[in-house]
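# Summary of structural features
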Amino acid sequence: METSKIFPSVETPDEGHQNTFKNCDELLPTLPQSKGWWVDQLFQYQGFWIHSLGIRGSMLINDHFKPRPTDIIVATSPKCGTTWLRALLFSIINRASFDFNRHPLRKANPRELVPFFEGIIHKDGSTSFVDGIPSPRLLSTHLPYSLFPTRMTDDTSACRFVYICRDPKDVLVSKWHFANKLRPKGVPPLSLEEVFDLFCKGVSHYGSFWDHVLGYWKASLESPKKVLCLKYEDVKKEPLGCVRKVANFLGVPFTPEEENKEIVEEIVKLCSFENMSNQDVNKSDTRSQENPISNSDFFRKGEVGDWANHLSPQMSEILDQITEQKFQGTGFSFH
Ligand code: PAP
């Protein structure tokens, strides 16, 4: 399968979408606002700080998205391993379709292969694009679990969510670097102290990191067949086991034949930071007027524990305290 065949062409916008756009435009000025890290404003929407396009995307999903039982949603709070998980899921699901030496991930960034749900739901003002993606659809989101419609989250719906989270100390450092890359020219960089303060208060894209994790974690306990939670650190430590776990969860376990052919190993190698960050498509600066984010911006260090090179002992202690307090009694921890 070629990349061009994965995405269909877009049809005419429909009226229903215009109503949702209007409702969103009317809602935004009524919401609490705060400054963003790289966009101008964040709005507090249903308990989470989100930028206007994310809110509109969420409203469009709620109003118009037609889920299929085969849908797979790659869910993350930003900077927790979205690029990696997109690549892993794409290669797990499509493993029979491609030769690993001429794989689409060698020519395209995972963002092109697993589209951004709340972004493309309103591509040209209609759902025809997302409706036209062949099953099983793989879509990536940063939206908190509670913002999805019940027709996607209740037990009668078969669509599945694979979530990945990461030690918030590394998330903060990764997000800080990313934000400073994206800030428009002439706008001074954000200091670490500034972003630390915002992050601790939950004023960060897609809201409080801890509440985001808890939403998906609780859903995974209540509906283990619907939501799978992974940790970046675990995938780093045991990538083979994690890839098998994801395949089992998605109902496409590796066969003995595939194990003999070392397909799991191939997937892990293909999606590794070392391999992906060295592909031309991910090394080049793909920034443009319309898209200020370059593929290369998604590959920095790809390590566990880089926070120790940036955060003061006091900052790390405060983040650990918040983490402990927020996750106390939930069964979730990063240890
Ligand atoms: P997003 O949520 O904005 O899409 P996301 O891909 O989650 O971004 O975050 C990028 C982080 O994942 C970077 O982490 P760092 O800043 O600590 O280095 C990036 O390096 C890391 N990353 C990207 N691809 C991989 C990969 N294949 N394996 C491991 N880490 C990766």
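Just so it is clear, the model here is predicted, and its values are computed rather than measured. (Residues numbered from 1 in each chain as written. Predicted model: local features only at pLDDT ≥ 70, side-chain atom pairs only at ≥ 80, totals over all residues. Heavy atoms only, no water.)

## A word on the site of the ligand
- Surrounding the ligand, one finds 19 residues, the nearest of these being T82, T83, S174, Y232 and K301.
- Note that an oxygen atom of the ligand is positioned 2.5 Å from one of the side-chain N or O atoms of T82.
- Interatomic distance of 2.7 Å between a side-chain N/O atom of R300 and an oxygen atom of the ligand.
- Isolated, the ligand exposes 640 Å² of accessible area, and the fraction of that covered by the protein chains is 97%.
- It is helix α4 (residues 82-93) that contributes the most residues to the shell around the ligand, three residues altogether.
- Taken together, the residues of the shell around the ligand break down into eight nonpolar, seven polar and four charged. (Near = heavy atom within 4 Å. Polar contact = N/O pair within 3.5 Å; in protein donor to acceptor, adjacent residues only side chain to side chain. Areas by Shrake-Rupley, 256 points an atom, 1.4 Å probe, with all protein chains shown as cover. Helix = DSSP H or I, 4+ residues; strand = E, 2+ residues; numbered from the N terminus. Nonpolar A, V, L, I, M, F, W, Y, C, P; charged D, E, K, R; others polar.)

## Comments concerning empty space enclosed by the protein
- A full pass over the atoms with the stated rule returns one cavity of 30 Å³ or more.
- If you trace the largest cavity, you find it lined by L85, L88, L89, I92, L230, V235, P239, C242, V243 and V246.
- The residue makeup of the lining of the largest cavity, split by class, is 10 nonpolar, no polar and no charged. (1 Å grid on protein atoms, 1.4 Å probe; cavity = no way out; pocket = protein on both sides within 12 Å on 5 of 7 lines; lining within 4 Å. Points joined across faces, edges and corners; volume = space filled by probe spheres on them.)

## A word on the environment of S204
- Topologically, S204 is positioned in the loop between α10 (192-200) and α11 (209-222).
- For S204, a relative accessible area of 2% translates into the label buried.
- Sequence-wise, S204 and D14 are 190 residues apart; in three dimensions their C-alpha atoms are separated by 33 Å.
- Sequence-distant contacts of S204, defined by excluding residues within four places in its chain, comprise W37, L42, W49, K175 and F199.
- In this structure the side chain of S204 is engaged in a polar contact, spanning 2.5 Å, whose partner is the side chain of K175. (Buried < 20%, exposed > 50% of the residue type's maximum accessible area, 1.4 Å probe, protein only. Contact = heavy atoms within 4.5 Å.)

## A closer look at the sheet that holds strand β2 (residues 41-45)
- Across the sheet, which stays open at both edges, the three strands sit in the order β1-β2-β3 with antiparallel pairing between neighbours. Each edge of the open sheet is held by one strand with a lone partner, namely β1 (33-35) and β3 (48-50). Along the sheet, successive strands turn relative to each other by an average axial angle of 35°, direction set aside.
- As judged from the three bridges shared by β2 and β3, these two strands associate in the antiparallel manner. (Pairing = 2+ DSSP bridges. Axes fitted to C-alpha atoms, helices over the stretch in contact; angles between N-to-C directions.)

## Focus: the pairing of β2
- When β1 meets β2, the two strands line up antiparallel, connected through three bridges. Pairing of S34 across the sheet is with L42, part of β2.
- As consecutive antiparallel partners, β2 and β3 are separated by two residues, and within that stretch Q46 has a phi angle of approximately 50°, a positive value.

## Notes on the environment of F298
- Looking at the secondary structure, you find F298 in the loop between α17 (280-283) and α18 (313-327).
- What makes F298 partly exposed here is its relative accessible area of 21%.
- Once residues within four sequence positions are removed from consideration, F298 is found in contact with K79, T83, R111, F178 and I293.

## Some points on the UniProt feature "domain: Sulfotransferase" (unreviewed entry) in the protein
- Under the local residue numbering, the UniProt record ascribes the feature "domain: Sulfotransferase" (unreviewed entry) to residues 69-331.
- For residues 69-331, the end-to-end C-alpha separation is 29 Å, with 46% helix and 8% strand making up the annotated structure. (UniProt positions renumbered as here; feature names shortened; annotations may be inferred.)

## Quick word on helix α3 (residues 52-64)
- Between the first and last C-alpha of α3 there are 18 Å, a value that for 13 residues agrees with the 18 Å anticipated at 1.5 Å per step.
- Considered for burial, the residues of α3 that qualify are G54, I55, R56, G57, S58, M59, L60, I61 and H64.
- Packed against the buried residues of α3 are α2 (15-27), β2, β3, α6 (117-120) and α8 (150-153). (Expected span 1.5 Å × (residues − 1).)

## Let's talk about the pairing of strand β4 (residues 72-76)
- Counted residue by residue, β4 has five buried out of five residues, so it is predominantly covered.
- The alternating pattern of β4 places I72, V74 and T76 and I73 and A75 on opposite faces, both of which are buried.
- Bridge analysis of β4 against strand β5 (residues 138-141) gives four bridges, and the strand direction is parallel. Bridged to I73 within β5 is L139.

## A short note on the state of the cysteines
- Tallied over the entire structure, the rule returns zero disulfides.
- C200 takes part in no disulfide bond, and the closest cysteine sulfur, belonging to C80, lies 15 Å away.
- Cysteine C229 remains unbridged, with the sulfur of C165 as its closest cysteine sulfur at 6.2 Å. (Disulfide = S-S within 2.5 Å.)

## Overview of the nonpolar core
- One finds W37, I55, F117, M152 and Y216 to be the most contacted residues of the largest nonpolar core, which totals 68 residues.
- Membership of the second largest hydrophobic core comes to 37 residues, among which are F100, L230, A247 and V268. (Core = buried A, V, L, I, M, F, W, Y, C linked by side-chain atoms within 4.5 Å.)

## So, the pattern of salt bridges
- In the structure shown here, the tally under the stated rule is 13 salt bridges.
- The residue R95 makes a salt bridge to E258 at a minimum N-O spacing of 2.7 Å. Of this pair, R95 sits in the loop between α4 and α5 (110-113) while E258 sits in helix α14 (residues 256-260), placing them 163 residues apart in sequence.
- Two residues, D167 and K169, come together in a salt bridge whose shortest N-O distance is 2.9 Å.
- Ionic contacts of the salt-bridge type, sharing partners, join the residues D167, K169 and D320 into one network. (Salt bridge = Lys/Arg side-chain N within 4 Å of Asp/Glu carboxyl O.)

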